[in-house]
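So you can see what is in the structure, the chains are spelled out below.
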Number of protein chains: 2
Amino acid sequence: MSERDDAPTAATGGSKAPTIYDVARAAGVAASTVSRAFARPGRVNAVTAERIRRLAAELGYRVNPLASGLPTGRTSMLALVVSDVTNPFYAEIIRGAESAAAEAGFVLLLIDAQESDRVERASLERALPAVEGLVLAGTRLSDSAIRMTAKQRPVVVLNRDVADVPSITLDNPHGMLVTAEHLARLGHRTVTYVAGPAASWADGMRLRSLREAATGLDMRVQRVGPFAPTVAGGREAADALPEDLPTAVVAYNDQLAIGAMLALQARGVRVPEDVSMVGFDDIFPTRIVRPGLTTVAAPLRAQGRAAVDALLSSRGNPAPRTGKPMTLPVKLVVRDSTAQARRTRRPSS
Amino acid sequence: MSERDDAPTAATGGSKAPTIYDVARAAGVAASTVSRAFARPGRVNAVTAERIRRLAAELGYRVNPLASGLPTGRTSMLALVVSDVTNPFYAEIIRGAESAAAEAGFVLLLIDAQESDRVERASLERALPAVEGLVLAGTRLSDSAIRMTAKQRPVVVLNRDVADVPSITLDNPHGMLVTAEHLARLGHRTVTYVAGPAASWADGMRLRSLREAATGLDMRVQRVGPFAPTVAGGREAADALPEDLPTAVVAYNDQLAIGAMLALQARGVRVPEDVSMVGFDDIFPTRIVRPGLTTVAAPLRAQGRAAVDALLSSRGNPAPRTGKPMTLPVKLVVRDSTAQARRTRRPSS
DNA sequence: CTGAAAGCGCTAACAC
DNA sequence: GTGTTAGCGCTTTCAG
């Protein structure tokens, strides 16, 4: 009992962190036994294992993930790449990914591309050798660059379909279908789509899906854009709308919708009386803006979680099951930004 | 030139990542020379160094940060702890920290405490041995737990003053002073402070500062709370306000202010005509809410950046200059949520 | 200026 | 079950 007192407890600090050898010496066993006691509890005498763990705790020993990662390649780290941490869209994805990672005993490296190729490549380069896999939630990398990365480490791409790389996307077609139906039901005959980034896979997908859905409902869709997927981009979009305002606007994402709505309101246009607005994603701000934004809600947190789960389960599996992309369901959340279409100003011919 | 063609370029992938030995062999030098060529370019013949680097690039060699961190302790990783990634308040801090880290060639480990001690401790435990320092931007740890952590690795705490640990705070007194002055100028004689988390250092600081400032201006301040520092918390706060509404409300942060404002508006109270509202931080949503929220703007991004700069510069410095906390300036941003005080309903006695 | 050799802390065969 | 022995990839004396 007395050695307990002077044993530096957990973080008594100062001196160097105890190593596996310190524990081994204290327990009177070989280092490999200590290692086993932590990694393969089954493979070691239950009572010694227990003693070792107790001693380790007393000494404040923690396995050094770097050191254990060297020989095994198992670093217990995952990287998450987003194009802009500041974008609330990513907040939920990060949360989902981080908590799934933490639950599995993994740590998350956050890479913020800051909307810049250069920054992204450099950070990725640095993180790559250290991680066991990566989630590309928002990336500027080309498909081929992504494929190269995927050859070095397991990769899961979000909201983008890259051949031969596992991906998790949203059910954009369904989202656009229910949006179109909702609008049609309200009497809208024509809708303007405010496009997001030109290079965005999701943007192309959404426009196409909206067009298809509209066709079946005998609605017309026109497009303005592309715009940066931000509130500022949305403000610009408002200026790009045709003089003769459409009765309904569907934006690539919530920020664009919010920006456009704000700009429109600033010039006296009423939402939803004059124009109905629909966003996509259901980020938090849709709830604090007035009127509340009708939007296609995406299970962002689940998406982040699913991404790391996929990464984790792919570990060891020889075949990186690169089947069809996994698709997550979305649903329309109707708030106050959509309403009955006003009578069209434009003469019917 | 011909060996250039079959040398696997950058990420041609497949085989294992090239090691320093592969480069050494290709260059016909010892591994130690390759190491020097990267780490201490001065200590090696300029032309061989150049040749080594070229070869390394051709082979797609990258130093493995884990391996190099083992013998040196320099892992090029920093950890950032936030209590809730989902909180826009942290978005800017993360951005600032991440970019400063990236510029210095560091990678950032993100730890989301999810408002839970347990989660935070566990994640911290895991990350600690791997990082060269940590920024505690939002933590539930006790002061003493923080001090213990600080003994193991350099730590910088944000928005909290922990004895013996470097910290970076905002100029709360000044923020509250200008807020009080602004309100006094508009004729408000009494203001209600909506308090944030009970345990928050910043909350106590703000309330105290507001009280002091108010005293000098002959204003009265009452307090309601504590509340969770979220929009939902703000909605609750609205219900806790005295029946006879104050003419001005100052909230611990923007989210609380926004939540309170929305709840008040929902029950027909006009902002700012009936009550003026002031927030703190100037997170993005203050700009999309109606009316725009008057708030004390904090240089969040700069704060994140300053934190990692402090960590980086403390490396190697023997004395972890644990002087007085660094304080960042704030300024009042006046938008539309504050206006002339309505005549007080309450009879003057 | 460069090579050889000894580890960093941990794991993984391989013996006993 | 447990100890021994090699390394993982890189850095760092220490010689030359």
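See the structure shown above.
A short tour of the structure in this document, coming up. Since this is a predicted model, take the numbers as computed values, not measurements.

Brief notes about the environment of Pro246 of chain B
Residues and elements named next belong to chain B.
Point 1. Residue position: Pro246 is located in the loop between helix 11 (231-240) and strand 8 (248-251).
Point 2. Classification of Pro246 as buried rests on a relative accessible area of 5%.
Point 3. Between the C-alpha atoms of Pro246 and Arg189, which are 57 residues apart in sequence, the distance is 9.3 Å.
Point 4. If sequence neighbours within four positions are ignored, Pro246 has contacts with Thr192, Gln222, Asp274, Val275 and Arg342.

Description of the relation of the copies chain B and chain A
Point 1. Mapping chain B onto chain A calls for a rotation angle of 180 degrees and an axial translation of 0.0 Å; the resulting RMSD is 0.1 Å. Interpreted geometrically, this transformation is the action of a two-fold axis. The rotation axis passes nearest to the C-alpha of Leu109 of chain B in chain B, at a distance of 2.3 Å.
Point 2. Here 100% of the interface residues in chain B have copies in chain A that are interface residues too; the copies meet face to matching face.

Some thoughts on the protein's contact with DNA strand C
Point 1. The full set close to DNA strand C counts 29 residues, and Ile20, Tyr21, Ser35 and Arg74 of chain A together with Arg36 of chain B are the nearest of them.
Point 2. One of the side-chain N or O atoms of Tyr21 of chain A is found 2.5 Å from a base nitrogen in DNA strand C.
Point 3. A distance of 3.0 Å is found between a phosphate oxygen of DNA strand C and a backbone nitrogen or oxygen belonging to Ala30 of chain B.
Point 4. Of all elements in the fold, only helix 2 (20-27), helix 3 (31-39) and helix 5 (65-72) of chain A together with helix 3 (31-39) and helix 5 (65-72) of chain B reach the threshold of two or more residues within the surface near DNA strand C.

Quick word on the interface of chain B and chain A
Point 1. Each partner contributes residues to the interface: chain B has 55 residues there, and chain A has 55 residues.
Point 2. When chain B packs against chain A, close to 4600 Å² is buried across both sides, 61% of that on carbon and sulfur atoms.
Point 3. Taken together, the connections running from chain B to chain A amount to 6 salt bridges.
Point 4. A salt bridge links Asp84 of chain B to Arg95 of chain A; the shortest N-O distance between them is 2.6 Å.
Point 5. Counting across the chain B and chain A interface gives 16 residue pairs in polar contact (both at pLDDT 80 or more).
Point 6. If you list the elements that add at least two residues to the side of chain B that touches chain A, you get helix 5, helix 6 (88-103), strand 2 (107-112), helix 7 (117-127), helix 8 (143-152), helix 11 and helix 12 (254-266) of chain B.

Examining the sheet that holds strand 12 (residues 331-333) of chain A
All names here are of chain A.
Point 1. An order of 7-6-8-9-10-12 is seen for the 6 strands of this open sheet, with the pairing classed as mixed. Every interior strand has two partners, whereas the edge strands, strand 7 (220-224) and strand 12, have only one. Averaged over all pairs of adjacent strands, the angle between their axes in this sheet comes to 25 degrees, without regard to strand direction.
Point 2. Judged from the 4 bridges that link them, strand 6 (residues 190-194) and strand 8 (residues 248-251) form a sheet pairing that is parallel.

Considering the protein's contact with DNA strand D
Point 1. Neighbouring DNA strand D are 29 residues, the closest being Arg36 of chain A together with Ile20, Tyr21, Arg40 and Arg74 of chain B.
Point 2. Of what DNA strand D places within 4 Å of the protein, 60% of the atoms are sugar or phosphate.
Point 3. Taking Tyr61 of chain B, its side chain carries an N or O atom lying 2.7 Å from a phosphate oxygen of DNA strand D.
Point 4. Every element with two or more residues in the surface near DNA strand D is listed here: helix 3 and helix 5 of chain A together with helix 2 (20-27), helix 3 and helix 5 of chain B.

Digging into the packing of aromatic side chains
All names here are of chain B.
Point 1. On inspection of all chains with the given rule, the structure shows 4 aromatic pairs over all chains.
Point 2. With centroids separated by 5.6 Å and ring planes inclined at 55 degrees, the aromatic side chains of Phe38 and Tyr61 adopt a geometry described as tilted. With Phe38 in helix 3 and Tyr61 in the loop between helix 4 (46-59) and helix 5, this pair connects stretches of sequence that are 23 residues apart.
Point 3. Here Phe38 falls in the partly exposed class, since its relative accessible area comes to 32%.
Point 4. Of the residues examined, Tyr61 reaches a relative accessible area of 13% and is grouped as buried.
Point 5. Both rings, one in Phe89 and one in Tyr90, keep their centres 5.0 Å apart while their planes meet at 70 degrees; by these two values the pair is edge-to-face. Tyr90 matches Phe89 in its accessibility class, with the two residues each being buried.

With respect to unusual backbone geometry
Point 1. Omega for the peptide link from Val271 of chain A to Pro272 of chain A comes to 5 degrees, which places this bond in the cis form.
Point 2. Among the secondary structure elements, Pro272 of chain A is positioned in the loop between helix 12 (254-266) and strand 9 (276-281).
Point 3. Going from Gly225 of chain B to Pro226 of chain B, the amide bond is cis rather than trans, its omega being 5 degrees.
Point 4. Topologically, Pro226 of chain B is positioned in the loop between strand 7 (220-224) and helix 11.
Point 5. Phi is positive for Asp281 of chain A, which is not a glycine, with a value near 115 degrees.
Point 6. Positive phi values are uncommon outside glycine, yet Asp282 of chain A reaches one of about 65 degrees.
Point 7. Counting through the fold element by element, Asp282 of chain A comes out in the loop between strand 9 and strand 10 (294-297).
Point 8. Asp282 of chain A gets classed as buried once you look at its relative accessible area, which sits at 17%.

As for the side chain of Thr294 of chain A
Residue and element names in this part refer to chain A.
Point 1. By secondary structure assignment, the location of Thr294 is in strand 10.
Point 2. The class of Thr294 is buried, set by a relative accessible area of 0%.
Point 3. With residues up to four places along the chain from it excluded, the contact list for Thr294 reads His182, Met277, Val278, Gly279, Leu332, Val333, Val334, Arg335, Asp336, Ser337 and Thr338.

Cut-off values and rules
Residues numbered from 1 in each chain as written. Chains lettered and ligands numbered in written order. Predicted model: local features only at pLDDT ≥ 70, side-chain atom pairs only at ≥ 80, totals over all residues. Heavy atoms only, no water. Helix = DSSP H or I, 4+ residues; strand = E, 2+ residues; numbered from the N terminus. Buried < 20%, exposed > 50% of the residue type's maximum accessible area, 1.4 Å probe, protein only. Contact = heavy atoms within 4.5 Å. Least-squares fit on C-alpha atoms with pLDDT ≥ 70 in both. Near = heavy atom within 4 Å. Polar contact = N/O pair within 3.5 Å; in protein donor to acceptor, adjacent residues only side chain to side chain. Buried area = accessible area lost by both parts, 1.4 Å probe. Salt bridge = Lys/Arg side-chain N within 4 Å of Asp/Glu carboxyl O. Pairing = 2+ DSSP bridges. Axes fitted to C-alpha atoms, helices over the stretch in contact; angles between N-to-C directions. Phe/Tyr/Trp six-rings, centres within 6.5 Å; stacked < 30°, edge-to-face > 60°.

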